[in-house]
Amino acid sequence: MMKTRHKGKILGIGSCIGIIAPATACADFDYTPGIELLHQWGYKTKISKTLKTNEGYLAGSDKLRASELNKFFADDEVDAILCFGGGYGCTRILDLLDYDLIRKHPKLLIGFSDVTALHTAIGQNSRLVTIHGPMLKTLSRKPTQYTISSFCRGLRMSVPLGAFPLPKKHDLESFYPGRAFGKLIGGNLSVITSLCGTPYELKGENSILFLEDIGEDAYAIDRMLRQLWQNGLLKDIKGLIFGNFSHCQPNKQEPYEFTVKEVLEQYANLAKVPTIYNFPAGHERTNAFLPLGVNATINITDDNINFFISEAHCKLR
């Protein structure tokens, strides 16, 4: 029998969003535009001390960052938790998180990139539905209208997202046809690979795996996907979704090279599961609000590519 998945509450006018930096230090970054956006949308904010702290390249010590995240989950005034940014550092605090506390105080945890480590560990150890989506740093950098509308819609919906909305004139591509149903998991490829062989390794049985990355060459993407094949993750999944692979080279044919797209297609064909390519999520200004831990469906035919989320990611207040 499937265990219960815990879900945070929808946000309304006056809801409080806690802002935390679980990884890289904020340094001198001006995040006030993102805070102003949240306030314009009717939300209150509570700022973690990690946004004003650093220890080397980290937003404070491991103990501080873990303690702040635990505290924000326990804080009844905080209705959702938005990460400032990624970079590096989330894997350093996984052993320090109170997964029982988090399970008992479910809230939307929103972020991407290095935050994938939190999505994975909390998703598996606390059975919490989390959100792969824009962070305060990206909201401060003129996000596209699609990103804003997807983000705001997601925070306020207590029903399934249904047929996933796409940006205007954005066409999905497919590598492998068919129909797949399963729990949506995943995030940043580099982070997921780094968790292999640890207690927080991503498990993919009967799941749809979403992957994205930034700044990796085709051979490195090949190496990481091969690791996920050899450790069994790509053998367990029912479907694949490839998001943005930003600044990943080469993207044009060169002598003695595979393009990034060719490498991704090779692994779709190796896994033999329905695969969507060019999904609008990852390290771009256009970045969808994508719930992790909910049931979803891929349906790819000769004429259509459909992605459908059939389970609500949060509950009524």
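Since we're looking at a predicted model, the values are computed, not measured.

How each quantity is defined
- Residues numbered from 1 in each chain as written.
- Predicted model: local features only at pLDDT ≥ 70, side-chain atom pairs only at ≥ 80, totals over all residues.
- Heavy atoms only, no water.
- Helix = DSSP H or I, 4+ residues; strand = E, 2+ residues; numbered from the N terminus.
- Buried < 20%, exposed > 50% of the residue type's maximum accessible area, 1.4 Å probe, protein only.
- Contact = heavy atoms within 4.5 Å.
- UniProt positions renumbered as here; feature names shortened; annotations may be inferred.
- Axes fitted to C-alpha atoms, helices over the stretch in contact; angles between N-to-C directions.
- Parallel < 35°, antiparallel > 145°, perpendicular 65-115°, else oblique.
- Left-handed = near helix turned anticlockwise from the far one by under 90°.
- Nonpolar A, V, L, I, M, F, W, Y, C, P; charged D, E, K, R; others polar.

(A) Highlighting unusual backbone geometry. Cis rather than trans, the peptide bond between Gln 249 and Pro 250 has omega equal to -5°. At Tyr 256, a residue that is not glycine, the phi angle is positive and equals roughly 60°. Within the element layout of this structure, Tyr 256 appears in the loop between strand 10 (239–246) and helix 10 (260–271). The exposure class of Tyr 256 is exposed, given its relative accessible area of 86%.

(B) Region of the structure containing helix 6 (residues 145–155). Most of helix 6 sits inside the fold, with eight of its eleven residues counted as buried. Where helix 6 is concerned, the buried positions are Tyr 146, Thr 147, Ile 148, Ser 150, Phe 151, Cys 152, Gly 154 and Leu 155. Packed against the buried residues of helix 6 are strand 1 (16–20), helix 1 (32–40), strand 3 (80–83), strand 4 (108–111) and helix 5 (136–139).

(C) Just the UniProt feature "active site" (unreviewed entry) in the chain, in detail. As annotated by UniProt and renumbered to match this structure, "active site" (unreviewed entry) occupies Ser 113, Glu 212 and His 283. Their sequence span is 171 residues, while the largest C-alpha to C-alpha distance among them is just 8.4 Å; these annotated residues converge on one region. Under the relative-accessibility criterion, Ser 113 is labelled buried at 12%. When residues no more than four places from it in sequence are discounted, the contact partners of Ser 113 are Gly 87, Asn 188, Val 191, Glu 212 and His 283. Take Glu 212: its relative accessible area is 0%, and that puts it in the buried class.

(D) Representation of the UniProt feature "domain: LD-carboxypeptidase N-terminal" (unreviewed entry) in the chain in the model. With numbering aligned to this structure, UniProt lists the feature "domain: LD-carboxypeptidase N-terminal" (unreviewed entry) at residues 17–133. From the first C-alpha to the last, residues 17–133 spans 14 Å; its make-up is 32% helix and 16% strand.

(E) Fine view of the packing of helix 8 (residues 218–230) against helix 10. At a minimum axis separation of 9 Å, helix 8 and helix 10 run at an interaxial angle of 15°. In this view, helix 8 runs roughly parallel relative to helix 10, as classed from their interaxial angle. Crossing handedness for the pair helix 8 and helix 10: right-handed. Of the residues in helix 10, those in contact with Ala 218, Ile 221, Asp 222, Leu 225, Arg 226 and Trp 229 of helix 8 are Val 260, Val 263, Leu 264, Tyr 267, Leu 270 and Ala 271. Residue composition of the contact of helix 8 with helix 10, grouped by class: ten nonpolar, no polar and two charged.

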